[in-house]
Amino acid sequence: MTDVTGAPADVLQTLFRSEQGGHEQVVLCQDRASGLKAVIAIHSTALGPALGGTRFYPYPNEAEAVADALNLARGMSYKNAMAGLDHGGGKAVIIGDPEQIKTEELLLAYGRMVASLGGRYVTACDVGTYVADMDVVARECRWTTGRSPENGGAGDSSVLTAFGVYQGMRASAQHLWGDPTLRGRKVGVAGVGKVGHHLVRHLLDEGAEVVITDVRPEAVRRVVDAHPSVGQVADTDALIRVAGLDIYAPCALGGALNDDSVPVLTAKVVCGAANNQLAHPGVEKDLADRGILYAPDYVVNAGGVIQVADELHGFDFDRCRAKAAKIFDTTLAIFARAKEDGIPPAAAADRIAEQRMSDARR
């Protein structure tokens, strides 16, 4: 079944009727001259202008692009709320292979689309977009963050994203094993691109044993060349089965925790940078039933959004790093709330975030 626009009806079901919906605004953008096809989703502006990155990805179809934008925007509302930012949640996706169609003309057209929202949505980098891209977008849109230092920005936000995930791991270790140190712990990192390779460095600096995988051989090679002690396996399916794994860190695309992966996962903690790691709401109960501690993704990966939000007010790296370090305390507070309420950590984080958004609306 389709709606009047020809889009699958389940997209509108999600947007208007499901608990996962409730978005304030969804904009479909097209510029035929440049080939731009994009979706901008604004989930909430209760706490302030929606803030979230731009994903550039070759979706199989437009419906999947819309669905991803909806899910990512909703996640940003919760992430920004838990990070203590005065921003709501939004996300944009550009449809297509960035290696094939990304041009200056396309990015400028996208900037005009974002600018047309008048500041309701502030964009930044995400999968498939980089600091140099945001510099181009900013030529048409002043509501752009994640820009280069040469253009008044903060630069690569993946540095603090990785630092925040590292703090979430330390908090998980404190909660589960009574000690925040990761020395001697075996950590599997799936995806060693923008964020993952920085995370590997933090782990090695503390004395952890690290095993990695990535769909791109060159990404694995870069890490192993820099850190010869790092182990590698063929794929994620092999990584989640590594014997003696203490922590599993999904740092690529979402949906890594699903009905197939959870039953065979050897790790006792899941804490990674990827967004939307739970394939469906029941997965976290499956993790809990197996005694696996899940650090909510949108809590521990908030270091990057803390950085780009600070850029809007005159960037100070030390101030941002101090804020990102508080992810340790926030993660511990979520685990405590989960224990107190008898619910999984993700549900506890949702309750805290929803309360902040509700208080702001009042």
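Each remark here, short or long, concerns the structure printed above.
Residues numbered from 1 in each chain as written. Predicted model: local features only at pLDDT ≥ 70, side-chain atom pairs only at ≥ 80, totals over all residues. Heavy atoms only, no water.

Caption draft 1: View of the packing of helix H6 (residues 158–177) against helix H14 (residues 327–341). As a packed pair, H6 and H14 sit with axes 8 Å apart at the nearest point and diverge in direction by 40°. Considering their axes alone, H6 and H14 lie oblique with respect to each other. As H6 runs across H14, the sense of the crossing is right-handed. Here Gly164, Gln167, Gly168, Arg170, Ala171, Ser172, Gln174 and His175 of H6 come into contact with H14, specifically with Ile327, Phe328, Thr331, Leu332 and Phe335. (Axes fitted to C-alpha atoms, helices over the stretch in contact; angles between N-to-C directions. Helix = DSSP H or I, 4+ residues; strand = E, 2+ residues; numbered from the N terminus. Parallel < 35°, antiparallel > 145°, perpendicular 65-115°, else oblique. Left-handed = near helix turned anticlockwise from the far one by under 90°. Contact = heavy atoms within 4.5 Å.)

Caption draft 2: View of the sheet that holds strand S7 (residues 209–213). In space, the six strands of this open sheet follow the order S8-S7-S6-S9-S10-S11, with parallel pairing throughout. The outermost strands of the open sheet, each flanked by one partner alone, are strand S8 (231–232) and strand S11 (293–294). Pairing between strand S6 (residues 186–190) and strand S9 (residues 247–250): four bridges, direction parallel. Paired with Gly188 across the two strands is Tyr248, which belongs to S9. Where helix H7 (residues 196–205) meets the sheet, it contacts S6, S7 and S9, and its direction lies at approximately 170° from that of S6. (Pairing = 2+ DSSP bridges.)

Caption draft 3: The arrangement of the nonpolar core in detail. Formed by 45 residues in total, the largest nonpolar core has its most connected members in Met169, Val189, Leu199, Val200, Leu203 and Ile212. If you tally residues by element for this core, the top one is H6, at seven residues. Sequence-distant contacts of Val189, that is, excluding residues within four places in its chain, are made with Gly196, Leu199, Val200, Leu203, Val210, Val211, Ile212, Thr213, Leu239, Ala249 and Cys251. Ala38, Leu106, Ala109 and Val114 belong to the second-largest nonpolar core, a separate cluster that totals 22 residues. (Core = buried A, V, L, I, M, F, W, Y, C linked by side-chain atoms within 4.5 Å. Buried < 20%, exposed > 50% of the residue type's maximum accessible area, 1.4 Å probe, protein only.)

Caption draft 4: Region of interest: H7. Among the residues making up H7, those that are buried are Gly196, His198, Leu199, Val200, His202 and Leu203. Buried residues along H7 sit in contact with H6, S6, S7, helix H8 (217–226) and S9. One or two residues past the end of H7 sits Gly207, with phi positive at roughly 95°.

Caption draft 5: Representation of the packing of aromatic side chains in the model. Under the counting rule described, the total for this entry stands at four aromatic pairs. When the ring of Phe163 is compared with that of Tyr166, the centres are 6.4 Å apart and the planes differ by 45°; the resulting orientation is tilted. Of this pair, Phe163 and Tyr166 both sit in helix H6, separated by three residues, roughly a single helical turn. The pair Phe163 / Tyr166 is uniform in exposure class, with both members buried. When the ring of Phe315 is compared with that of Phe317, the centres are 6.4 Å apart and the planes differ by 70°; the resulting orientation is edge-to-face. (Phe/Tyr/Trp six-rings, centres within 6.5 Å; stacked < 30°, edge-to-face > 60°.)

Caption draft 6: Here's a closer look at the environment of His197. Tracing the backbone shows His197 in helix H7. Under the relative-accessibility criterion, His197 is labelled partly exposed at 22%. Sequence separation between His197 and Val223 is 26 residues; the distance between their C-alpha atoms is 6.5 Å. In this structure the side chain of His197 is engaged in a polar contact, spanning 2.6 Å, whose partner is the backbone oxygen of Gly193. At a separation of 3.1 Å, a polar atom in the side chain of His197 contacts the side chain of Arg222. (Polar contact = N/O pair within 3.5 Å; in protein donor to acceptor, adjacent residues only side chain to side chain.)

Caption draft 7: Layout of the sheet that holds strand S5 (residues 121–125). Pairing in this open sheet of five strands is mixed, and the strands run S1-S2-S4-S3-S5 from one edge to the other. Edge positions in the open sheet fall to strand S1 (25–31) and S5, since each of these has one partner strand only. Mean inter-strand twist for the sheet, computed between neighbouring axes without regard to direction, equals 25°. On top of the sheet, helix H4 (residues 104–115) reaches S1, strand S2 (36–44), strand S3 (50–57), strand S4 (88–95) and S5; it is set at about 30° to S2, its chief contact.

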